[in-house]
Amino acid sequence: MTAYPLKRLVIAFATLVLASMVVFAVLEILPGDPARLMLGMNASADQVELLRTQMGLNAPLVLRYLHWAGGLLSLDFGRSYTYSVPVIDLVRERLAVSLPLALIALALSTIIAIPVGLYSASRRGRAGDTVAMGAAQLGVAVPNFWFALMLIYVFAVWLRLVPAGGFPGWGAGAWPALKSLLLPAVALALPQAAILARVTRSALIEVLNEDYIRTARAKGLPYRAVLWRHALRNAMIPVLTILGLQFAFLLAGTIIIENVFYLPGLGRLVFQAITQRDLIVVESVVMLLVAAVIAVNLLVDLSYAVVDPRLRTRS
Amino acid sequence: MSLLEIDNLSLTIGDTQILKSIELSVAPGEVMGLVGESGSGKSMTALTVMRLLPHAARATGRVTFDGIDILTATEDQMCALRGDDIGMVFQEPMTALNPVKTIGEQVAEGIRWHTKATRAEAEDRARKMLDRVGLPEAKFPLSRYPHELSGGQRQRVVIAIACALKPKLLIADEPTTALDVVLQAQILDLLRDLVAESRMGLLLISHDLAVVTEMADRITILRHGEVMEAGDTARTLSGQLHPYTRQLAQASMHVPARARPHLVGTDQPLLQVEGITRDYRGRRTSLFRRAPDIRAVDDVSLSIAPGESVALVGRSGCGKSTLARMILALDRPSSGAIRFRGEAITGKSEAELKPARRDMQVVFQDPYGSFDPRQKVEKLVAEPLHVLEKKPTRAERREMVAHALHEVGLGQRDMDKYPHEFSGGQRQRLSIARAIITRPKLVVADEPVSALDVSIRAQILDLFAGLNQKLGIAYLFITHDLTVARAITAEVLVMHDGKIVERGKTNEVLDRPQSEAAQALVAAAPDLHRAIARRMQEQG
Amino acid sequence: MTMHVDIPDETLAGILAKAFRNTAFVTGFVITLLILAMALISYIWTPYDVTKLVIADKTQGPSLAHLFGTDHFGRDILSMVMVGARNSIAVALVAVGIGVGVGVPLGAFAAARGGLVDEALMRVNDLVFAFPALLSAIMITAIFGPGAVNAIIAIGIFNIPVFARVARAGALAIWPREFILAARAAGKSSTQISIEHVLPNIATLLLVQGTIQFALGILAEAGLSYLGLGAQPPMPSWGRMLFDAQTRMVVAPWMAIFPGMAIVITVLGLNLLGDGIADILDPKSRRQR
């Protein structure tokens, strides 16, 4: 393996380890006793002590971290305090909602944004570009949860095409389930698509000003061929960067959007766990989301090397 | 019958007139040299022929190529011409190739597009073409990427792309300006051979009169978008009938008037460099391995007496700029010592360096990049006053800046302007004013005139010579241009691969070079006298 | 990734003249000014008192008396939007201040030092970027208690690496320039050079990023207060108003429309302002004209 991918891999792993320490430490330095926090102010000292022992809070710090981190690695996240079930079961159940939601949103945003960006860049300064970029400018400014409310008003309340919220579960069949994910996915995707379209356009325009584009034109390639064969691939790097960042945004976005649509997803789980002080669920889900972000960023870093040969120097 | 015929061509971009009634023609097998200083409209003429002008450009007149009216041709017709019948080579080889495509793909692409050849056929032709331009398959397989090639090699790839389909006309826009003299000579030879092989017409665009004289059968001299003079190269340049032609030719060969070198007592050298070496760590090739260290400067020793002018010449990448940085204490040598006025400057802290910095200043190559665009001239020129022991008052500072500006031929009023309000030549004067404001004993000048047009270059060389006479400043002139070295210095050091390979009196070394590196430099350097003489013989 | 930094070489007067011919800039500037004015006016005057509940007037549609209608407690929505602007702007602005104040020196320092210092800083940046900002903000506000101050801290922390990254990338593009070498040859220290030469030259870059983060801050604050983690009642906030509107969408859609429009217009104004500034100061866009 050459230097670049290996370096990215090492960095990603180190970031993951550091992140787990941060998550552990943050919940560790919480003001007050986590057991007391979870049980509330009215709990007796005995109850608190019992929970402390159950949670292993009386062991030394380093041991507790190692125990927790080891658990994470073997997918043993512990038991939820409020739901009294293993956290892994909760996560598995909730992922079945959040993962399709995030993927549909990401796909939707990419499918809309890249063609719009291409169109705008190739028609720079003309009416089509102005309209598309005006819409994108507006899209960037819209908060996704407000957009979600408007979508509910139009499509659920007014037109009654889709449910206003809730999730029937995959057991009820794929179509009803997908239907209830449709509005949330659109609400998540459109503002992101606006950002992505703007980035695609400006990356393309930047590349179209490069000297090698002129070389390609001097070869006799028509403008469209130059755009597809030479400009697009070079413009991919900033686009990939934004795609990676958007994944993190989408994950966080699910927290709010799942609340708007009452979807039983990971975001709603973590939000409820935070308000209910179910720390074991909080730290597990946060770690899971952080790991997902790190993994996606690693994927983006590695795909740079696929796009750009300068990053895969021969050893 | 001409291959390319430009008739009464005028060009405007927005409200700006770029070209005025240009007349120019190129016959098959002929080399037409298009010469002019920056902003004369040379490149725009070329882009008009290719119809690759910016959107806002409007051209009038007639451009005929091989019977086709270029200005009224459809875009499809132009696409059919470009890369097939007309090839073009650009100035900047480092950015002219697509970084994410292999050189094979880039050469074969045009072939496939125009001839509908299969991939294998196109690759085969690309392979032959790359071999023809000096990139044989064994060393440069088609799968190489541009970043794996040097500047000279990349320019060969660009030429291969342009000539892959044996065009009738090749347009080369400053094809060697970004290369050093040795590479320049090689690329020019290649172009000459390609023209001879296939009776291709060549429109060679250059700011360098010597290069064009060596290459061109006929020349056209352009200024401010107008043709000043055109004709056979030999007759035009030997006659020098037009005043602008004369001015260009004289500026190209200008040697500042100098009395004896101004020497101020020779008991102690001003600068002594003793066996310095600079290693850079090799690039990491994997997590645990590095390429071997690169030795940029290898055991170099030199000394400069007070008031002496020394040239340091060498090809690009030979280590001359690294050496200059170490002398200026901007970089630390890996080993060896540098003494300035007898005191070591290596390994000293910034505070201890202050006295040395007062007496040692620098002039850089790029008159645009060497000033902070956010500051006014007064602050910029006064920057080195920072090292004075006693901080001057504001009034004193203005006085000193005014004096320095006066010495370089600028006025007191210029003090309150921003750098962008000056032309390239004036900015180089500002650079010099900044360098002499502390009354230094040594000025290190790194390619100080290579970014300037010839007429401006002559003036700046005069200024350097005059300040040497007047203030007794010693110079270390770093240059790849032998005419500059000859014009301004008495001593020369020739550097190659990090080592000083030859040293001596400038005239002697340049007239009778001993080392292989110096011989290569001298042989490759374009020389207007020599070129005109040769043309005279050929064209009678 | 490397960043391309072009330094515009113009005087202030020239830039201003160009600014007022730039549609995006002028539109953004006017919108931003109006929103700021609205927030300031709300300190001395609002159509109605936002703390007084008038149940008799609850959920009335837009009318001459209540231009934007009233909410479920009979409060005037226009007045609440005006007062809510204060909170949004204050939170986002202070959060940008935190990001600039901490991030820019860090980024400039990393660029000036290079080597291990730089590497360490970038790794810390990677670490912060690994936490989805909104998730962490929710954690911070949930753990330390909801409220405007904690919202500011939560949003501000995530502005730090953004500004550090932009400042570092900008500074790295400035450092190899010849005028920096000239300053070094004049004996200036790296701190002096950073302050005198590097910062002024990346100021426009930071200004553009500042407007972007300001806009993102407004959105983030709205999100947090929508979840009940931002400013607490009775202080009105745009996000909170949307939360209250959600269950009353059918009977009182104006409760959702107007606060949402306020967010959209504010963010749009700031983005246009940022685009305008970038456009004016980017020499490449000038060359095209």
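Residues numbered from 1 in each chain as written. Chains lettered and ligands numbered in written order. Predicted model: local features only at pLDDT ≥ 70, side-chain atom pairs only at ≥ 80, totals over all residues.

1. Points about the overall build of chain A
On a plain count of helices and strands, chain A comes out with 12 helices and 0 strands. Looking at chain A residue by residue over its 315 residues, the buried ones come to 42%. Nonlocal contacts in chain A, meaning residues at least 24 apart in sequence, comprise 69% of its contacts between residues at least 6 apart. (Helix = DSSP H or I, 4+ residues; strand = E, 2+ residues; numbered from the N terminus. Buried ≥ 20, exposed ≤ 12 C-beta atoms within 10 Å, placed from the backbone. Contact = placed C-beta atoms within 7 Å.)

2. Some details on the overall build of chain C
Along its length, chain C carries 11 helices and 0 strands. Scanning chain C from its N terminus toward the C terminus, one meets helices and strands in the order α-α-α-α-α-α-α-α-α-α-α. Dimensions of chain C, computed from the C-alpha atoms along their principal axes, are close to 75 × 45 × 30 Å. Burial status across chain C gives 53% buried among its 289 residues. Within chain C, residue pairs in contact and separated by at least 24 positions form 73% of the contacts whose partners lie at least 6 positions apart.

3. Details of the interface of chain A and chain B
At the interface, 25 residues of chain A touch 28 residues of chain B. Elements with a contribution of two residues or more to the side of chain A that touches chain B: helix H1 (3-28), helix H9 (211-218) and helix H10 (223-260) of chain A. The dominant element in the side of chain A that touches chain B, judged by the number of residues it contributes, is H9(A), at 7 residues. Residues of the side of chain A that touches chain B, tallied by class, amount to 9 nonpolar, 7 polar and 9 charged. (Nonpolar A, V, L, I, M, F, W, Y, C, P; charged D, E, K, R; others polar.)

4. Considerations on the interface of chain C and chain A
Each side of the interface is counted separately: chain C has 32 residues, and chain A has 34 residues. In terms of residue count, helix H10 (residues 254-281) of chain C provides more of the side of chain C that touches chain A than any other element does, 8 residues in total. Considering only residue class, the side of chain C that touches chain A consists of 26 nonpolar, 4 polar and 2 charged.

5. Here we look at the pairing of strand S2 (residues 16-26) of chain B
Residues and elements named next belong to chain B. Judged from the 7 bridges that link them, strand S1 (residues 4-13) and S2 form a sheet pairing that is antiparallel. Note on S2: the bridge partner recorded for Leu11 is Leu19. Counting the residues in the hairpin turn of S1 and S2 gives 2 residues, including Gly14, whose phi is positive at 65°. (Pairing = 2+ DSSP bridges.)

6. Looking at the nonpolar core
If you look at the biggest cluster of nonpolar residues, it comprises 357 residues, and the most contacted ones within it are Ala148(A), Leu204(B), Leu476(B), Phe477(B) and Ile138(C). Non-local contacts of Ala148(A), meaning those with residues more than four positions away in its chain, are made with Leu183(A), Pro184(A), Ala187(A), Ile257(A), Val260(A) and Phe261(A). (Core = buried A, V, L, I, M, F, W, Y, C linked by C-beta atoms within 7 Å.)

7. Looking at the packing of helix H5 (residues 133-144) of chain C against helix H8 (residues 190-226) of chain C
Residue and element names in this part refer to chain C. Interaxial distance between H5 and H8 falls to 11 Å at its minimum, and their mutual angle equals 50°. Considering the angle they form, H5 stands oblique to H8. For the crossing formed where H5 meets H8, the hand is right-handed. Residues Leu134, Ala137 and Thr141 of H5 pack against Ala220, Gly223 and Leu224 of H8. (Axes fitted to C-alpha atoms, helices over the stretch in contact; angles between N-to-C directions. Parallel < 35°, antiparallel > 145°, perpendicular 65-115°, else oblique. Left-handed = near helix turned anticlockwise from the far one by under 90°.)

8. Some thoughts on the sheet that holds strand S7 (residues 169-173) of chain B
Sheets are built from strands that pair by backbone hydrogen bonding, the pairs being arranged parallel or antiparallel. Residue and element names in this part refer to chain B. With mixed pairing, the 6 strands of this open sheet are ordered in space as S6-S7-S8-S3-S9-S10. For this open sheet the edge positions go to strand S6 (86-89) and strand S10 (226-232), each flanked by a neighbour on one side alone. Within this sheet the neighbouring strands show an average axis-to-axis angle of 15°, counted without direction. Relative to strand S8 (residues 201-206), S7 runs parallel, the two sharing 5 bridges. Across the sheet, the residue bridging to Leu170 is Leu202, located in S8.

9. Some words on the confidence of the model for chain A
Mean pLDDT over chain A works out to 86, with 94% of the residues at or above the 70 mark. Confidence, read as mean pLDDT per element, is least for helix H2 (residues 34-39) of chain A in chain A (66) and greatest for H9(A) (93). (pLDDT = per-residue confidence, 0-100.)

10. Structural notes on the domain arrangement of chain A
Residue and element names in this part refer to chain A. Looking at the assigned domains, one finds that chain A contains domain 1 (3-73) and domain 2 (91-313). Look at where the C-alpha atoms of domain 1 and domain 2 centre, and you get two points 32 Å apart. Elements that contribute at least two residues to the side of domain 1 that touches domain 2 include exactly H1 and H2. Ranked by residue count, the leading element in the side of domain 1 that touches domain 2 is H1, at 12 residues. Each residue belonging to the side of domain 1 that touches domain 2 can be placed in one class, and the counts come to 13 nonpolar, 2 polar and 1 charged. (Domains from an automatic or database assignment.)

11. Focus: H1(A)
When the terminal C-alpha atoms of H1(A) are compared, their 37 Å separation across 26 residues agrees well with the 38 Å that a helix rising 1.5 Å per residue should span. Of the positions making up H1(A), those classed as buried are Tyr4(A), Ala12(A), Thr15(A), Leu16(A), Ala19(A), Ser20(A) and Val23(A). Each element contacted by the buried residues of H1(A) is listed here: helix H4 (61-73) and helix H12 (279-307) of chain A together with helix H4 (115-130) of chain C. (Expected span 1.5 Å × (residues − 1).)

12. A few points about unusual backbone geometry
The amide bond that connects Pro233(C) to the next residue, Pro234(C), takes the cis arrangement and shows omega of 10°. With respect to the helices and strands, Pro234(C) occurs in the loop between H8 and helix H9 (238-246). Its identity as a non-glycine residue notwithstanding, Leu75(A) has a phi of 60°, on the positive side. Its place among the elements puts Leu75(A) in the loop between H4 and helix H5 (87-122).

13. So, the environment of Ile205(B)
Residue and element names in this part refer to chain B. For Ile205, the position within the fold is in strand S8. Since 25 C-beta atoms lie within 10 Å of it, Ile205 is described here as buried. Aside from chain neighbours lying at most four places away, what touches Ile205 is Leu34, Lys42, Ser43, Ala46, Ala172, Asp173 and Glu174.

14. Looking at the sheet that holds strand S14 (residues 335-340) of chain B
Residue and element names in this part refer to chain B. In spatial order, the strands read S12-S11-S14-S15; together these 4 strands make up an open sheet with antiparallel pairing. The sheet terminates laterally at strand S12 (294-304) and strand S15 (343-344), the two strands that pair on one side only. When S14 meets S15, the two strands line up antiparallel, connected through 2 bridges. What sits directly across from Arg339, in S15, is Ala344. Packed on one face of the sheet, helix H10 (residues 320-327) meets strand S11 (271-280), S12 and S14 and runs near 120° to S11.

15. Concerning the packing of H9(C) against H10(C)
Relative placement of two packed helices is described by the angle separating their axes and the distance separating the axes. All names here are of chain C. At a closest axis distance of 8 Å, the pairing of H9 and H10 adopts a crossing angle of 155°. Looking at the two axes, H9 sits roughly antiparallel to H10. Regarding H9 and H10, the two cross each other, and that crossing is left-handed. Contacts from Trp238, Met241, Leu242, Asp244 and Ala245 in H9 reach Met255, Ala256, Pro259, Gly260, Ala262 and Ile263 in H10. Its residues assigned to classes, the contact of H9 with H10 shows 9 nonpolar, 1 polar and 1 charged.

16. Things to note about H9(C)
Given 3.6 residues to a turn, an α-helix orients residues that are three or four positions apart in the same direction. The buried fraction of H9(C) amounts to 8 of the 9 residues, a majority that puts the element mostly inside the structure. Buried residues of H9(C): Trp238(C), Gly239(C), Arg240(C), Met241(C), Leu242(C), Phe243(C), Asp244(C) and Ala245(C), and no others. Buried residues in H9(C) make contact with helix H7 (144-158) of chain A together with helix H3 (77-113), H8 and H10 of chain C.

17. Quick look at the pairing of S14(B)
Regular strands have side chains that alternate between both faces of the sheet. All names here are of chain B. Bridging between S11 and S14 involves 5 bridges; their strand directions are antiparallel. Within S14, the position partnered with Thr277 by the bridge is Ser335. Taken together, S14 and the strand that follows it, S15, pair antiparallel across an intervening segment of 2 residues, in which Arg341 is found at a positive phi of about 50°.

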